[in-house]
Amino acid sequence: MSGSLHRRLSFFLFILLVVLFPAVQSATAALRVPGDYRTVAAALDAIQGGLISEREIVLGRGTWNEAITLSSSLPPGVILRGEETARTIMSSSITVAGAINERISYFTFTSSSPGVNIESGTVTVANNIFRYDTGSTALTVVSAQPTITNNVFVGGTAIAAAGNVVAVESNAFINTDNSVRDGELGTSISNNAFFGVDAIGENRVTSDPLFVGNNDFHLRAGSPLIDAGIGTDIFDGSTADIGAYGGEFSDVIPQVVQDLSVVSVQNDGQENTAELRWSPNLWYLTGGYRLYYDTEAGAPYGGTGIDQGNSPIDVGDVSSITLSGLRNLDPDVAQLAAPELVRPQPQNTALVLSWSAVTGATGYAVHYRADNDADNDNEEHTVDVGNVLSYTLSGLVNGVDYHLRVSAYAQGAYYFVVTSYPQFDTAVEGEFSSEALAPVGPRVEGPLSNEVVDFPEAIEVFPGLPDKHGGCFIATAAYGFYGADEVRLLRRFRDHYLLTNAPGRAFVAWYYEHSPHWAKTVRDTPLLKSLVRVALMPAIALAAFLFYVPAAVQGIVLLLALLLWVGYVACRLRAALASMEKTA
Amino acid sequence: MNRRVLALLLSLAACANALADDVPRWAFEIKGGVQRSAMAQWREFYDDNRMPIYAFGIGYKPWRPLEIGIDTAYLQDRGHGFAPGHGEAAGNVRYRLIPVHLSLTARAVFDEDQWLVPYAGIALGRYAYRMDISGQNGISGATNGERYRIGLQLLLDHIEPSAAEGMQTYGIDNTYFFLEYQESKAKIAGSDLGGKAWLGGLLLEF
C-alpha cells in the first residue's frame, strides 16, 4: 500500500513538474510585441497589474509609432528593447516618468524629437542609435539620474539635460549639433567618441570611428572605438567597445548580408555549377557565412543533395563560392498563358513596356522588330528581362515603328540566401539576405502576347525654351522659338526620315556642325529671317504632307504628280519630234 | 586722377559712417511664397499654375528710405512633357528657375519706431532656367527680366521688446515681418518665365 502510494505520489510529482516546468520557464522569458501582446501599452499593463512575472518586453523588427510611457507604477527592473538595433525603428517617443531601474535598448530612434524623454526615475539608455536632423533633440533629461551608455548619436542635439546628474559613457557622437547641452554634469562624462562635434569629458576619442557604413554602426577592424569604452563587452569579456555594439548589454546579431547574386550558371549535362557572390560583412567580429538553399523560393530553405552538402552550408569567412552538383530541375508548370502587353510609353530612343503577370512564370522575354531600322535590319530581337512586369527598351531609333510582344517562361531554379555569424558565437545568426536564384534545367516557353506597334520619339517640353548647349538651329532662329509648330514638324521629319538612314544621319551631323553659326546670322537679321521662312516652306509642306495626309490620299497625289510629269515629258517629246519633222 | 577717386571713396565712407550713427544702413531679407506662372498653359503640363518660390537678398541704404540691393530666388516645378507624334503626355520634366535681381526699393519710414512700413521696388534681373527631361538631354539658358514689388512690413520689436533688445546686442536694429506681392516678366522665345507671386518673410536691418 505504502509502495503504491509512493508510486502514485511520484507519478503526481512527475506530472506536476511536466506541467509546471514550461510555466516556470516562461516566467523568465521575455514578452514579445506583437506576439504575446498586440501593443506595448498592453504588455506594460500586464506587468503593472502583477499578473505576470516577466520584466522584459521585446519589440519586433519594423517601425514603431506607439508613444510609450514607463510610469512609476511599474515594478522595478523593466527592460524595453528592440529585437535588433538597426532594424527596430522607433519613430515615436519613449517617456520615462518615475520608473525604477529600467533599461531601454536596441532601438534606432528617428523622427520624433526627443526620442527618449526622461522626466524622473532611474534608467539606463544603452545600445541605441539616435538619428536626427539639425535642430532636433535625441534625448532629454528633466529630473532623473539616467546612465547613458553605448549609444550612437547622429545629428541634432544628442543629450539636453536640465539640472541633473547624468552619466554619459562609451557613446559615439557623430556630426551632432552638440553632445551634452546644459545640466550639472556631476558624474562621469567619459570614454566617449566625437566626430564632427566638439569633444568633452575624459578619455575622449576624436579620430574617424571607422563604422561599417553610413547606416551600419558596427565597427570595422582597426576602429579607434574598439576596447576604448568603460566596462566589458558581453561577447568576449574584453574592455567595452564604444558605440551601439559594445558593452555589457550589446546587441550581438550581425547585419544582413548584402548584394547576394548568382554570377554564373554552367550546365554540365545532367548537373550544373553555380558561382555565388556577396558583399562581405565588414564588422570586425564577423566569423563567417552560412549559405541556405532550396529548389523552392522562400524559407525554410531545406535543400539537399548538392556536392557541398545539405542546407545550410557553413562556408567560412569568404564572400563567394562555387557550388556544384545542382541537378537539372523541371519547371513547376507544364503550360503558361500569354501575358497582355499594354501600350508602351514613348521616350527619347526608348519605349517603356509593361504587361500583365502570368501564373507560374519565372521570367519574361521581350521580342521586338523594327519596321525599318537604321541598318535595314528587320530581324526579330529577343531580350530576357527576368522576372519583372515592366521594362524600358532603349537604344531604339526615334520615329521608327517597332513591333513588340512579350512572352513568359518558367524554369526550375535553386534559390539561395546567406547569413553571417560572429566569431564569438556561431549559433548567433543574422537575418536572411535577399534571395538569389540560379535557373537550371529545361525551360517552358509560353505563347507570345498580343502585338503592339509603337515608335519612340523625343519628348517636347513646355515652355519651349532655347538651349544654350544646342538647338541654335536655323529654323528655330527663323521662327523665333524652339516650340514653334513649324520647328516641331521639321524635328519630327528629322527623326522619322533622316535619322533612320545613313545618308540622312550624315546630313544631320553636317547640319548640326554648321548651323549654329548661320542661325546666329539669321536671328540677328530680320530680312534674312523672312527669306529663310520662305525657303523652308517646301520642306515644311513636304513634312506636313507626309505626316498629316492619309496614306491613300498620298498615293493618289503621288500618282497624279507622276501622271502630270509623264504627260509633261510626253508633250515635250511630241513637240520636239514635231519640230524635227518640220525641219526635215 | 587716383587722388580724386580716393577722395570720392573716402567721402562716401564718411557719409556712410555718419548714417550709421543714426539709422541702420543694411538690410537682409529672407522670404518664401508661391508664384503663379504668367503662362496660362502651365497647368496643362505641371498640374497647376503655382510653384514655390524661396528668396533672400541684401540691401544697402544710402538714404534711410531708399535701398539698393541684390537678391536671388529659387523656383521649381515638376510635370510632364509631350510626345508630339503620339499626341499625348509623356516623360517626366523638372523645371527650375533662378533669377538674380539688382533692385531699388523705397520704404516709407518716417520714424524708427514706426509699426507699419509700406514699401515698393523695381528690379532688373537675369533669369537662369534649366529643364531636366527623363531619358534625354536637358535644356538650360538664361534671359533678362524685370520685377516690381509692393509690400507691407510690421515692426516686431514692439511685440517682443526683450528679444529685440537681445537682437540689438548682435547689431540688429530692427526686425520686421513682411508680406509682399511681386510681378515679374522675363520673356524668351515666345514664353514668359515671370509671373505673380505672394511672399512672406523676415527683414533684418542693421
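Residues numbered from 1 in each chain as written. Chains lettered and ligands numbered in written order. Predicted model: local features only at pLDDT ≥ 70, side-chain atom pairs only at ≥ 80, totals over all residues.

### With respect to the overall build of chain A
Secondary structure assignment for chain A yields 7 helices and 34 strands. Taken across its 584 residues, chain A has 37% of its residues classed as buried. Within chain A, counting contacts between residues at least 6 apart in sequence, those at least 24 apart form 54% of the total. (Helix = DSSP H or I, 4+ residues; strand = E, 2+ residues; numbered from the N terminus. Buried ≥ 20, exposed ≤ 12 C-beta atoms within 10 Å, placed from the backbone. Contact = placed C-beta atoms within 7 Å.)

### Comments concerning the overall build of chain B
Within chain B, the regular secondary structure consists of 3 helices and 10 strands. Secondary structure elements in chain B, listed N-terminal to C-terminal, are α-β-α-β-β-β-β-β-α-β-β-β-β. Taking all 206 residues of chain B together, the buried fraction comes to 32%. For chain B, contacts bridging at least 24 residues in sequence account for 58% of all contacts bridging at least 6.

### A word on unusual backbone geometry
Residue and element names in this part refer to chain A. Note that the residue after Val33, namely Pro34, is joined by a cis bond; omega there is -10 degrees. Mapped onto the secondary structure, Pro34 falls in the loop between β1 (31-33) and α2 (40-48). Cis rather than trans, the peptide bond between Ser113 and Pro114 has omega equal to 0 degrees. Mapped onto the elements of the fold, Pro114 is located in the loop between β9 (108-109) and β10 (116-120).

### Some words on α2 of chain A
Residues and elements named next belong to chain A. Restricting attention to buried positions, one finds in α2 the residues Val40, Ala43, Leu44 and Ile47. The buried residues of α2 occupy an angular sector of 100 degrees when the element is viewed end-on, so they sit on one face. Looking one or two places after α2, you find Gly50, whose phi comes out positive at around 75 degrees. (Arc of directions from axis to C-beta.)

### Regarding the confidence of the model for chain B
Residue-level pLDDT values for chain B average 87, and 89% of them are 70 or greater. For this predicted complex, the interface score ipTM comes out at 0.77, alongside a pTM of 0.58. (pLDDT = per-residue confidence, 0-100.)

### A look at the packing of helix α4 (residues 485-498) of chain A against helix α6 (residues 526-548) of chain A
All names here are of chain A. It is at 9 Å that the axes of α4 and α6 come closest, and there the two elements cross at 65 degrees. In terms of orientation, α4 lies roughly perpendicular with respect to α6. Read as a crossing pair, α4 and α6 show a hand that is left-handed. Here Glu486, Leu489, Leu490, Arg492 and Phe493 of α4 come into contact with α6, specifically with Ala539, Ile540, Ala543, Ala544 and Phe547. Among the residues making up the contact of α4 with α6, the classes are represented as 8 nonpolar, no polar and 2 charged. (Axes fitted to C-alpha atoms, helices over the stretch in contact; angles between N-to-C directions. Parallel < 35°, antiparallel > 145°, perpendicular 65-115°, else oblique. Left-handed = near helix turned anticlockwise from the far one by under 90°. Nonpolar A, V, L, I, M, F, W, Y, C, P; charged D, E, K, R; others polar.)

### Overview of the environment of Ser190 of chain A
Residues and elements named next belong to chain A. Mapped onto the elements of the fold, Ser190 is located in strand β20 (residues 189-190). C-beta crowding within 10 Å serves as the criterion here: with 16 such atoms nearby, Ser190 is assigned to the partly exposed category. Separated by 10 residues in sequence, Ser190 and Ile200 place their C-alpha atoms 8.3 Å apart. Not counting the four nearest positions on each side in its chain, Ser190 is found in contact with Glu169, Gly201, Glu202, Asn203 and Ile230.

### Here we look at the interface of chain B and chain A
The accessible area lost on association of the parts is a frequent measure of interface size. At the junction of the two partners, chain B supplies 25 residues and chain A supplies 24 residues. Residue assignment for the side of chain B that touches chain A shows that the elements contributing at least two residues are β3 (66-83), β4 (88-107), β5 (116-133) and β6 (136-155) of chain B. Looking at side-chain class alone, the side of chain B that touches chain A contains 13 nonpolar, 12 polar and no charged residues.

### Overview of helix α3 (residues 161-169) of chain B
For α3 of chain B, the buried fraction is low: 0 of the 9 residues fall into the buried class. Count one or two residues on from α3 of chain B and you reach Gly171 of chain B, which has phi positive near 90 degrees.

### Quick word on the sheet that holds strand β31 (residues 390-394) of chain A
Residues and elements named next belong to chain A. An order of β27-β28-β31 is seen for the 3 strands of this open sheet, with the pairing classed as antiparallel. Looking along the sheet, the strands with just one partner apiece sit at the ends: β27 (345-347) and β31. Going across the sheet, the axis of each strand differs from the next one's by a mean of 20 degrees, ignoring polarity. Taken together, the 5 bridges between strand β28 (residues 350-354) and β31 define a ladder with antiparallel strand orientation. Directly across from Ser354, in β31, lies its bridge partner Ser390. (Pairing = 2+ DSSP bridges.)

### Some remarks on the environment of Lys185 of chain B
Residues and elements named next belong to chain B. Note that Lys185 resides in strand β7 (residues 174-185). In this structure the C-alpha to C-alpha distance between Lys185 and Gly125, which are 60 residues apart in sequence, comes to 9.6 Å. Once residues within four sequence positions are removed from consideration, Lys185 is found in contact with Gly145, Glu146, Asp192 and Gly194.

### With respect to the nonpolar core
Counting 61 residues, the largest nonpolar core has Phe130, Ala138, Leu139, Val152, Phe153, Ala158 and Ile159 of chain A as the members making the most contacts within it. When residues no more than four places from it in sequence are discounted, the contact partners of Ala138 of chain A are Phe109, Pro114, Gly115, Phe130, Tyr132, Phe153, Gly156, Thr157, Ala158 and Ile159 of chain A. With 25 residues, the next largest nonpolar core counts Met51, Ala55, Tyr127 and Tyr129 of chain B among its residues. (Core = buried A, V, L, I, M, F, W, Y, C linked by C-beta atoms within 7 Å.)

### Some thoughts on the sheet that holds strand β6 (residues 88-90) of chain A
Residues and elements named next belong to chain A. Taken together, 7 strands build an open sheet; the order of strands is β3-β6-β9-β12-β15-β18-β21 and the sheet is parallel. Two strands close off the open sheet at either side, each with one partner strand: β3 (62-64) and β21 (193-195). Relative to β6, β3 runs parallel, the two sharing 3 bridges. When the sheet's bridge partners are listed, Trp64 is paired in β6 with Met90.

### Side note on the environment of Asp241 of chain A
Residues and elements named next belong to chain A. Within the secondary structure layout, Asp241 lies in the loop between β21 and β22 (258-268). Distance in space between the C-alpha atoms of Asp241 and Asn191 is 9.7 Å, their sequence separation being 50 residues. Excluding its chain neighbours within four sequence positions, the residues that come into contact with Asp241 are Leu219, Leu225, Ile226, Asp227, Gly229, Asp233 and Gly246.

### Description of the pairing of strand β30 (residues 381-386) of chain A
Residues and elements named next belong to chain A. Of all 6 residues in β30, 0 are buried; the element is thus mostly exposed. As judged from the 5 bridges shared by strand β29 (residues 363-370) and β30, these two strands associate in the antiparallel manner. Along β30, the bridge assignment pairs Ala365 with Asp384.

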